[in-house]
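Fold and geometry: a report
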Amino acid sequence: MSGVILKGRKIERCPMCGYDKFYLDEERGELICMRCGYVVEESMIDYGREWRIFEDESSSRELIRAGKPVSYSKVDLGLTTSFGRGSDFSKLSPKDREKFAELQRWQQILTSSSERNLKHAIRELNRLSSIFNLSEVIKEEASKLYRQAVEKNLVRGRSVENVVAACIYIASRIHGLPLTLNEIAEVSGLSKKEIGKTFRYLYKQLRLKVPPATARDYIYKFGNQLGLSQKTISKALELLSEAEKQGLTSGKGPTGVAAACLYIASLLTGEKKTQGQVAEVARVTEVTIRNRYKELVSKLGLEEKLRKLESLE
DNA sequence: AAGACGAAAGTGGTTGA
DNA sequence: TCAACAACTTTCGTCTT
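Here the structure is a predicted model, which means the values were calculated and not measured.

Comments concerning the overall build of chain A
- Per the secondary structure count, chain A includes twelve helices and four strands.
- By the burial criterion, 44% of the 313 residues in chain A qualify as buried.
- Of the contacts made within chain A by residues no fewer than 6 positions apart, 62% connect residues no fewer than 24 positions apart.

If you want it as structure tokens, here you go:
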């Protein structure tokens, strides 16, 4: 569907990617972008805390405009203070002048090195963003996080690349489009382990509270990457709900669960994908899919259904 | 030849004494 | 802080289509 009325507001385009087709998960009451899988409703209201997406109540044309207060992706927010040569400079004693001059020198050194650092970070951020095709919103979030990390001196001892990667990981989760650590590791050329470590460190030190990525998020994402139809994706979501009810998902890796649900759904709807194909986009091994698959099929009583489908060709 | 299956051994993270 | 533990991976051999 396209052009949706949601809670009295008209939504024409996905605020994430600009696509105009949506998918409605009726059970959850969630509205999902069909291209990028962004959950238009929930996430927007729950986590969009820095700026309001629905800024203008009266105008129906301008509903989807994010009023960004400042661009965090710029090196200088325009707020830098400097030790200037004020008119009072001449009143200082020679000793104080000396001190003052020293402070000026220090400031130059500090700002130029931290700016270099920041430029480096922003270059890396832009590089990864364009590879992942990240929206501006996520980019901004990531740079905001990076700045916070710098302010709290959390970058010391860690590479800029790692911190940027971790920020992107967090930002993508905040906005409901979780990248996996595996994906980021592949693209950035860093190890999953290091990024994970940096992520946990930042997460703690910045006192973030981001809900963990759910299998649901990944089903949308992987489903789209696999080119599966809405029908199959819905089926996978149904399977997931069932599995959750029976407590088959707690403690399991969400990507593995999502992968298995999609695999089974693809068998049930005849839109078959191989374990290998699913494993590839989900960045898990076939073995993991098989383990989840076995559990799900036996506990959800799907054996005969699958057997019937098999004999049917 | 490709896909599915599973055993065995190893890795890294979590948890609880 | 250390050991036990579960989830997941890697590797590899086997079976089916």
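Regarding the protein's contact with DNA strand C
- Lining the immediate surroundings of DNA strand C are Gly 251, Lys 252, Gly 253, Arg 283, Val 284, Thr 285, Val 287, Thr 288 and Arg 292.
- When atoms of DNA strand C within 4 Å of the protein are split into backbone and base, the sugar-phosphate part holds 81%.
- Take Lys 252: an N or O atom from its side chain is 3.4 Å from a phosphate oxygen of DNA strand C.
- Residues that form the surface near DNA strand C fall into these classes: two nonpolar, four polar and three charged.

Focus on the environment of Val 287
- Checked against the element boundaries, Val 287 lands in helix α11 (residues 286–299).
- Residue classification places Val 287 among the partly exposed residues on the basis of a relative accessible area of 45%.
- Sequence separation between Val 287 and Phe 132 is 155 residues, and the spatial gap between their C-alpha atoms is 27 Å.

Thoughts on the protein's contact with DNA strand B
- Surveying the vicinity of DNA strand B reveals the residues Lys 193, Arg 200, Tyr 263, Lys 272, Thr 274, Gln 275, Gly 276, Arg 290 and Lys 294.
- Per the 4 Å cut-off to the protein, sugar and phosphate atoms form 53% of the nearby atoms of DNA strand B.
- A distance of 2.4 Å separates a phosphate oxygen of DNA strand B from a polar side-chain atom of Gln 275.
- For the surface near DNA strand B, the elements supplying multiple residues, two or more each, are α6 (192–205), α10 (275–282) and α11.
- When its residues are assigned to classes, the surface near DNA strand B shows one nonpolar, three polar and five charged.

Things to note about the environment of Ala 282
- As for its position among the elements, Ala 282 is in helix α10.
- Considering only alpha carbons, one finds Ala 282 and Glu 183, 99 residues apart in sequence, at a separation of 9.1 Å.
- When neighbours within four sequence positions are excluded, Ala 282 is seen to be in contact with Phe 222, Thr 255 and Ala 259.

What about unusual backbone geometry?
- In the Ramachandran plot, Asn 153 falls in the positive-phi region, its phi being about 60° despite a non-glycine side chain.
- Tracing the chain through its elements places Asn 153 in the loop between α3 (136–151) and α4 (160–174).
- Taking the relative accessible area as the measure of exposure, Asn 153 reaches 51% and is therefore exposed.
- With phi around 50°, Arg 207 is a residue other than glycine that occupies positive phi space.
- Tracing the chain through its elements places Arg 207 in the loop between α6 and α7 (215–225).
- Exposure remark for Arg 207: the relative accessible area of 71% places this residue in the exposed category.

What about the packing of aromatic side chains?
- Within the structure shown, the criterion is met by four aromatic pairs.
- Measuring from ring centre to ring centre gives 4.9 Å for Tyr 169 and Phe 199, while their planes differ by 90°; the resulting arrangement is edge-to-face. Of this pair, Tyr 169 sits in helix α4 while Phe 199 sits in helix α6, and the two are 30 residues apart along the sequence.
- Residue classification places Phe 199 among the buried positions, given a relative accessible area of 11%.
- Here the aromatic rings of Tyr 218 and Phe 222 are separated by 5.4 Å at their centres, their planes lie at 10°, and the arrangement is stacked.

Concerning helix α8 (residues 230–245)
- In a regular helix each residue adds 1.5 Å, so 16 residues correspond to 22 Å; α8 covers 23 Å between its end C-alpha atoms and thus fits that length.
- Among the residues making up α8, those that are buried are Thr 232, Ile 233, Ala 236, Leu 237, Leu 239, Leu 240, Ser 241 and Ala 243.
- A positive phi of about 65° marks Gly 247, the residue just after α8.

Observations concerning the packing of α7 against helix α9 (residues 254–268)
- At a minimum axis distance of 8 Å, the contact between α7 and α9 shows a crossing angle of 55°. Relative to α9, the element α7 lies oblique. Here the hand of the crossing between α7 and α9 comes out right-handed. The residues of α9 that touch α7, namely those facing Ala 215, Tyr 218, Ile 219, Phe 222 and Gly 223, are Pro 254, Thr 255, Val 257, Ala 258, Cys 261 and Leu 262.
- Looking at the contact of α7 with α9 residue by residue, the classes come out as nine nonpolar, two polar and no charged.

Remarks on α11
- The terminal C-alpha atoms of α11 lie 20 Å apart, and with 14 residues this matches the ideal 20 Å at 1.5 Å per residue to within 8%.
- Of the residues making up α11, those classed as buried are Ile 289, Arg 292, Leu 296 and Val 297. Considered in projection along α11, the buried side chains sweep an arc of 125° and stay on one side of the axis.
- Along its buried surface, α11 packs onto α8, α9, α10 and α12 (303–311).
- Gly 301 sits one or two residues past α11 and shows a positive phi near 60°.

Rules of the game
Residues numbered from 1 in each chain as written. Chains lettered and ligands numbered in written order. Predicted model: local features only at pLDDT ≥ 70, side-chain atom pairs only at ≥ 80, totals over all residues. Heavy atoms only, no water. Helix = DSSP H or I, 4+ residues; strand = E, 2+ residues; numbered from the N terminus. Buried < 20%, exposed > 50% of the residue type's maximum accessible area, 1.4 Å probe, protein only. Contact = heavy atoms within 4.5 Å. Near = heavy atom within 4 Å. Polar contact = N/O pair within 3.5 Å; in protein donor to acceptor, adjacent residues only side chain to side chain. Nonpolar A, V, L, I, M, F, W, Y, C, P; charged D, E, K, R; others polar. Phe/Tyr/Trp six-rings, centres within 6.5 Å; stacked < 30°, edge-to-face > 60°. Expected span 1.5 Å × (residues − 1). Axes fitted to C-alpha atoms, helices over the stretch in contact; angles between N-to-C directions. Parallel < 35°, antiparallel > 145°, perpendicular 65-115°, else oblique. Left-handed = near helix turned anticlockwise from the far one by under 90°. Arc of directions from axis to C-beta.

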